[in-house]
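Chains, contacts and geometry: an overview
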Amino acid sequence: DEARNLFIEGRDFYENLHEDEARELFYAALEKDQDFALCHYYLALTAGSAIDYSTHLKLSVQLASNASEGEQLLIESLRARAENDAAAGIEKLEELVRLYPEDKRAHRMLGYLYRGVDEERAIAEYEKAIQLDKNYAPAYHNLGYAYQRKGEFDNAIKAFKKYSELLPNEANPHDSIAELYKKMGQYEQSIKHYKMALELKPTFAFSHRNIGENLIFLGNFDEARFMFEEVQKLDVTPSKKADALQMIAHSYIYEGELDQALAACDRAIQFARQHNLPEWQATLLLDKAMIRLEMGASAQALSDVKQCRQIVAQSDLTEADKDNFVQDALYCESQIATQRKDFDHAFALAEMLKARIDAGNDPQELERYHNLPAFIHADHGHPRTALQ
């Protein structure tokens, strides 16, 4: 009973995006019940690094046989997604909804998996969750983002305003509205709401980071970098700090200072290495490769991709995470081959990427694949084929 109560309190924190507080409560619940599979499931969802995610996912899977049928479906869905089988992940949650049609969380979770795949179905699931509990704030949060992705900004604002009404003292509703304004290109209005979020939660790293991104779009690069540096002073996970360091590199890219962007990437890579974040080391090496490509330094770009592959291969990341980085590497390598006018090799790499995407059964990823042959044909002097 003590473990369950701590877990429920942690779940409420998680749903309101207080992930650090949620993690503490989940760990406290595990001290009361070491076989609590769903605690490990939520610790995977709130993990501060890819390795933590992998660790807790494995533990949840190992303990699932003693959990309820519904808990098993949640865990199986997460495992399927971790294995790059998005369709199987959705199927497990569809089964969960059939078993528990009056469970608002089941509908919201299923809607979340439909995001980017079928926004209408996602919206229907969020609406069902709201029908079951009109004061269920997280469903309005997800609903707002679904409308945002569809470009229905008025409906998105309505959902976010309701989200804010239900949680007047929470930072995230303001953060969500701010992100919508950023998407709409209303950067000053976006910054205003991010600052309102920070008044409620000064340690909210997302808002610091996104104020900086807005400042980049406004051309205020030094001010943007100041906001990213502020994240380094917060008591947040190393992963969030690595993200802010990456944004410093991106600010130099937008400014056209590519040498400084490379130096900023190196600083971020060193930080990621110190904190055992292989996923961030790999990500930043791919950033470096794309910067080198922009500079016409294809040999150095290829070296960066090679380092990325080595770090990923030697890491404790999940096989799915490793495969995702291999896909990213193939994408970069195809662009490098294109720059070198080695079009046959570029097409071959693109097809290797497509094969991996097909195996992963996630149609969203096909958009990235189609970018590649388009770029290759364009550079090859076949603009009409590229347009197709």
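Residues numbered from 1 in each chain as written. Predicted model: local features only at pLDDT ≥ 70, side-chain atom pairs only at ≥ 80, totals over all residues. Heavy atoms only, no water.

As for the overall build of the chain
A tally of regular secondary structure across the chain gives 22 helices and zero strands. Taken along its principal axes, the extent of the C-alpha atoms in the chain is 65 × 45 × 45 Å. Counting across all 388 residues of the chain, residues that qualify as buried make up 54%. The contacts in the chain between residues at least 6 apart in sequence include a share of 52% that link residues at least 24 apart. Of the roughly 18500 Å² of accessible surface on the chain, 47% is carried by carbon and sulfur atoms. Considering the chain, the positive charge centre built from 44 side chains and the negative charge centre built from 66 side chains are found 2 Å apart. (Helix = DSSP H or I, 4+ residues; strand = E, 2+ residues; numbered from the N terminus. Buried < 20%, exposed > 50% of the residue type's maximum accessible area, 1.4 Å probe, protein only. Contact = heavy atoms within 4.5 Å. Areas by Shrake-Rupley, 256 points an atom, 1.4 Å probe, with all protein chains shown as cover. Lys, Arg positive; Asp, Glu negative; His and termini not counted. Charge placed at Lys NZ, Arg CZ, Asp CG, Glu CD.)

So, unusual backbone geometry
In this model, Leu-17 sits at a positive phi of 65°, which is unusual for a non-glycine residue. Residue position: Leu-17 is located in the loop between α1 (2–15) and α2 (19–32).

Notes on the nonpolar core
Counting residues in each nonpolar core, the largest one holds 58 residues, and the members touching the most others are Phe-7, Phe-26, Phe-36, Tyr-41 and Tyr-42. Phe-228, Val-231, Leu-284 and Ile-291 belong to the second-largest nonpolar core, a separate cluster that totals 53 residues. (Core = buried A, V, L, I, M, F, W, Y, C linked by side-chain atoms within 4.5 Å.)

Concerning helix α7 (residues 104–114)
Of all eleven residues in α7, ten are buried, a share of seventy percent or more. Among all positions of α7, only Lys-104, Arg-105, Ala-106, His-107, Arg-108, Met-109, Leu-110, Gly-111, Leu-113 and Tyr-114 are buried. Of the surrounding secondary structure, the elements contacted by the buried residues of α7 are α1, α3 (37–45), α5 (69–82), α6 (86–99), α8 (119–132) and α9 (137–150). One side-chain oxygen at the N-terminal end of α7 lies 2.8 Å from the backbone nitrogen of Arg-105; it belongs to Asp-103. Backbone geometry just downstream of α7 places Gly-116 in the positive-phi region, at approximately 75°. (Polar contact = N/O pair within 3.5 Å; in protein donor to acceptor, adjacent residues only side chain to side chain.)

Overview of the pattern of salt bridges
Per the counting criterion, the structure on display carries 26 salt bridges. Between Lys-354 and Asp-358 there is a salt bridge, with the nearest N and O atoms lying 3.0 Å from each other. With Lys-354 and Asp-358 both in helix α20 (residues 343–360) and four residues apart, the pair spans about one turn of that helix. The network of salt bridges with common partners includes Asp-12, Glu-15, Arg-105 and Arg-108. (Salt bridge = Lys/Arg side-chain N within 4 Å of Asp/Glu carboxyl O.)

Quick notes on the packing of α6 against α7
At their nearest, the axes of α6 and α7 sit 9 Å apart, and the two run at 155° to each other. The pairing of α6 with α7 is recorded here as roughly antiparallel in orientation. Crossing angle aside, the handedness with which α6 passes α7 is left-handed. Side by side, α6 and α7 meet where Gly-89, Ile-90, Leu-93, Glu-94, Leu-96 and Val-97 of the first sit next to Ala-106, His-107, Met-109, Leu-110, Leu-113 and Tyr-114 of the second. Its residues placed into classes, the contact of α6 with α7 shows nine nonpolar, two polar and one charged. (Axes fitted to C-alpha atoms, helices over the stretch in contact; angles between N-to-C directions. Parallel < 35°, antiparallel > 145°, perpendicular 65-115°, else oblique. Left-handed = near helix turned anticlockwise from the far one by under 90°. Nonpolar A, V, L, I, M, F, W, Y, C, P; charged D, E, K, R; others polar.)

Examining the packing of α7 against α8
Two elements in contact, α7 and α8, have axes separated by 8 Å at closest approach and are oriented at 165°. One way to sum up the angle between α7 and α8 is to call them roughly antiparallel. The crossing of α7 and α8 is left-handed. Residues Lys-104, His-107, Arg-108, Leu-110, Gly-111, Tyr-112 and Tyr-114 of α7 pack against Glu-119, Arg-121, Ala-122, Glu-125, Tyr-126, Lys-128, Ala-129 and Leu-132 of α8. Considered class by class, the residues forming the contact of α7 with α8 number seven nonpolar, two polar and six charged.

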